[in-house]
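Examination of the molecular architecture
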Amino acid sequence: MFLDSSGRFTLRPFLLVAAGMCGMAGLIIEYGTFPAPWLLVAARVLSGAAVGLFLVEQLVSWRQYGTFRLYFRARWRTFSLSVLLILEILTLLAGRQTTWLNSVLGYLTVGSVTHAYLIIIQIYIVSVFAVQLPHLHGRFASLRVRPAVAFMVTFLALIIMGAGLLLLPRATPENHPLSILDALFTSTSAVCVTGLIVRDTGSQFTVFGQTVLLVLIQLGGLGIMSLTAALSLLLGRGIGVRESSLLREVFQVPMLSAVGKTVRFIILMTVILESVGAVALYKGLEGVIPDRGDRLFAAVFHSVSAFCNAGFSTFNDSLVSLSAQPLVIGTISGLLVIGGLGFGVVAQLLAWMRGRALRNPGRSGRLDLHTQVVLVVSGGLLVAGTAVIAWMEWNSSLAGQGVGMKFAQAFFQSATCRTAGFNSMELTLMNPATLFFMIVLMFIGGAPGSTAGGVKVTTVAIIWANLRSTGRGLNRTRLGNRELEAVHVQRAMLVLSAGLVLAAVSLFVLLATEERPFLETAFEVFSALGTVGLSLGMTSILSPAGRVVITILMFVGRLGPLTLASSLTGASRDPRVRLPQGRIMIG
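In this report, we go over the structure that sits alongside the text. (Residues numbered from 1 in each chain as written. Predicted model: local features only at pLDDT ≥ 70, side-chain atom pairs only at ≥ 80, totals over all residues. Heavy atoms only, no water.)

This part is about the overall build of the protein chain. The number of helices and strands found in the protein chain is 23 helices and two strands. When burial is assessed residue by residue, the protein chain has 46% of its 587 residues classed as buried. Summarising the internal contacts of the protein chain: among those between residues at least 6 apart in sequence, 69% fall at separations of at least 24. Total accessible area on the protein chain stands at roughly 29,700 Å², and carbon and sulfur atoms take up 66% of it. (Helix = DSSP H or I, 4+ residues; strand = E, 2+ residues; numbered from the N terminus. Buried < 20%, exposed > 50% of the residue type's maximum accessible area, 1.4 Å probe, protein only. Contact = heavy atoms within 4.5 Å. Areas by Shrake-Rupley, 256 points an atom, 1.4 Å probe, with all protein chains shown as cover.)

Have a look at this one:
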């Protein structure tokens, strides 16, 4: 398994795998279970073995680079953190009574730094192993894996891993463990950034369980491949050709050389926005959560959940009790809107704003057709959604509130029902017409390449342009001052029709198994398919068959019908034999 192209055994991959397995086993035993004393000792031995194996891997890397200068230039980050690990080991050998060493370590806070670093490096090692697995053996390296297949397999593996972590004893309160089906449902909801829950996140999961959900949301929202690539860049390893090809397809990057730059921008944008959001939420939750530690965790959790359009909340009523907190509602609104635009759109919008500010737009300061369509359609849906919800609920669920608060509530609900999943209003009090309109918004969703779901705003724009062009008697579809390729129109029709067919079949099955009202069931179906996470109370009472249906809908909704179809079929090709043309009457 650990062979290079010439068939010789290589030590570094073996050390990476061994260190990752030992470290993760130690962490799971120590923090995911209630271990007996002897098992706790074994867990710490495993964690220590992981550190030792990682340091040995660093030495092997040093030898491969030839000189310390080349090694330090390429991997100075891991070298610096390795020094902290060695200092921590020295304290164990010399004893904490060593005054000067203890004072240095106290000044550097090595204990907390190395502990956090140990967790991060072990997760990193396992992630790199998962991505580089095809390269560890010649037979796997020769396989040609399509990006759609890799994307689907990655999400399936992440869902299974997340379900396993949620089944650990410390993930839920004592004597209230999750069933396997509920663990798979919850893990799928988190990885697919949906937000539908069968158990209350705040009270039915411990801090460990909530942390697992937080990590799954982040990995599912951004994609584990992009995060692994970012870790590889951060620690000086670089991105392989196979990983670059996969990421190029995922992010629609025009050139292979631009993949690294794109990944860096995605991670930097995510870190900045989620950090700013967490700070704002921490300030906004001052009067709600008095304990600083709990408030910080809640702020980080909701910031990540909002930016990834997940909709998970540690409050049992989502954000209904916080509807009068403008800083909280405003911050989450901003995060979910930006997250739903897509990283490419945000990058181009920033370049355009920079060009306008410098009065030198240039080529990079122009908005292409995709960005224009996303901004126009998304903005139009936000305005239309706000107007319709405010109009329908003005004297109903919004009654008794001020004018400004009514429009703020309507705007937030218009934004969140396009795949975010938070709710600041009691949905069961809304008019049926409003709920139906929200179903339409949930089905449309956000933009391609974003953390949002749905059939996407570009699909709706292409279909509208096709209908408009057909109505004018044109043979080709025009959108704005551009002409669209026929393949784009075909894909848009495939996504829309596949989504509607899947929703119809699922709705039929749930109406037969759950025996709930039609509107309530339809709301649940489109919420799952659009990875929204809003519910009228049906999720928690679903039967086992219903939970399986909703789980499948969340998975398909996150991948998208087009990606799923690409993973199950071969490469497109034209038939060698052309058949005689036939005629069918239409209309």
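Structure's up, so let's keep going.
Turning our attention to the environment of Cys 22. As for its position among the elements, Cys 22 is in helix H1 (residues 11-32). In this structure Cys 22 comes out as buried when scored by relative accessible area, which is 19%. In the structure, Cys 22 is positioned 22 residues away from Arg 44 in sequence and 9.8 Å away in space, judged by C-alpha atoms.

As a rule of thumb, nonpolar side chains are buried together in soluble globular proteins. One finds Ile 217, Ile 332, Met 438, Met 442, Phe 523, Leu 534 and Ile 550 to be the most contacted residues of the largest nonpolar core, which totals 95 residues. A per-element tally of this core places helix H7 (residues 147-166) first, with eight residues. Aside from chain neighbours lying at most four places away, what touches Ile 550 is Phe 185, Leu 196, Leu 510, Glu 524, Ala 528 and Leu 542. Ile 462, Ile 463, Leu 479 and Leu 484 belong to the second largest nonpolar core, which has nine residues in total. (Core = buried A, V, L, I, M, F, W, Y, C linked by side-chain atoms within 4.5 Å.)

This next bit is on the pattern of salt bridges. In this structure the tally under the stated criterion is four salt bridges. The salt bridge involving Lys 283 is made with Glu 286; its shortest N-O contact spans 3.6 Å. Glu 520 is the salt-bridge partner of Arg 516, the closest N and O atoms lying 3.2 Å from each other. On the basis of relative accessibility, which here comes to 12%, the residue Glu 520 falls in the buried class. (Salt bridge = Lys/Arg side-chain N within 4 Å of Asp/Glu carboxyl O.)

Here helix H17 (residues 403-416) contains 14 residues, and its C-alpha end-to-end distance of 20 Å stays within 8% of the 20 Å for a straight helix at 1.5 Å per residue. Among all positions in H17, only Lys 406, Gln 409, Ala 410, Phe 412, Gln 413, Ser 414, Ala 415 and Thr 416 are buried. Of the surrounding secondary structure, the elements contacted by the buried residues of H17 are helix H14 (326-341), helix H16 (369-393) and helix H18 (432-444). (Expected span 1.5 Å × (residues − 1).)

A cluster of nonpolar side chains, Leu 59, Trp 62, Phe 68 and Phe 72, forms an exposed patch at the surface whose accessible area comes to about 360 Å². By the secondary structure assignment, Trp 62 is in helix H2 (residues 37-65). (Patch = residues over 30% accessible without salt bridge, like charges linked within 9 Å, V, L, I, M, F, W, Y side chains within 5 Å.)

Moving on: the packing of H16 against H18. One can describe the packing of H16 onto H18 by two numbers: an axis separation of 10 Å at closest approach and a directional angle of 165 degrees. In terms of orientation, H16 and H18 fall into the roughly antiparallel class. You can see that H16 and H18 cross each other, and the crossing is left-handed. Packed against H16, whose contacting residues are Leu 381, Ala 384, Gly 385, Val 388, Ile 389, Met 392 and Glu 393, the element H18 presents Ala 433, Thr 434, Phe 437, Leu 441 and Ile 444 at the interface. The class makeup of the residues in the contact of H16 with H18 is nine nonpolar, two polar and one charged. (Axes fitted to C-alpha atoms, helices over the stretch in contact; angles between N-to-C directions. Parallel < 35°, antiparallel > 145°, perpendicular 65-115°, else oblique. Left-handed = near helix turned anticlockwise from the far one by under 90°. Nonpolar A, V, L, I, M, F, W, Y, C, P; charged D, E, K, R; others polar.)

Turning to empty space enclosed by the protein, a few remarks are in order. Unfilled space is identified by rolling a water-sized probe across the atoms. For the structure on display, the rule yields two cavities of 30 Å³ or more. Of the voids in this model, the largest cavity is the one considered here, and its volume is about 110 Å³. Residue lining of the largest cavity: Asn 309, Leu 336, Val 337, Gly 340, Leu 341, Ser 378, Leu 382, Ala 415, Arg 418, Thr 419, Gly 446 and Ala 452, and that is the complete set. No other element matches the four residues that H14 contributes to the lining of the largest cavity. Among the residues making up the lining of the largest cavity, the classes are represented as six nonpolar, five polar and one charged. (1 Å grid on protein atoms, 1.4 Å probe; cavity = no way out; pocket = protein on both sides within 12 Å on 5 of 7 lines; lining within 4 Å. Points joined across faces, edges and corners; volume = space filled by probe spheres on them.)

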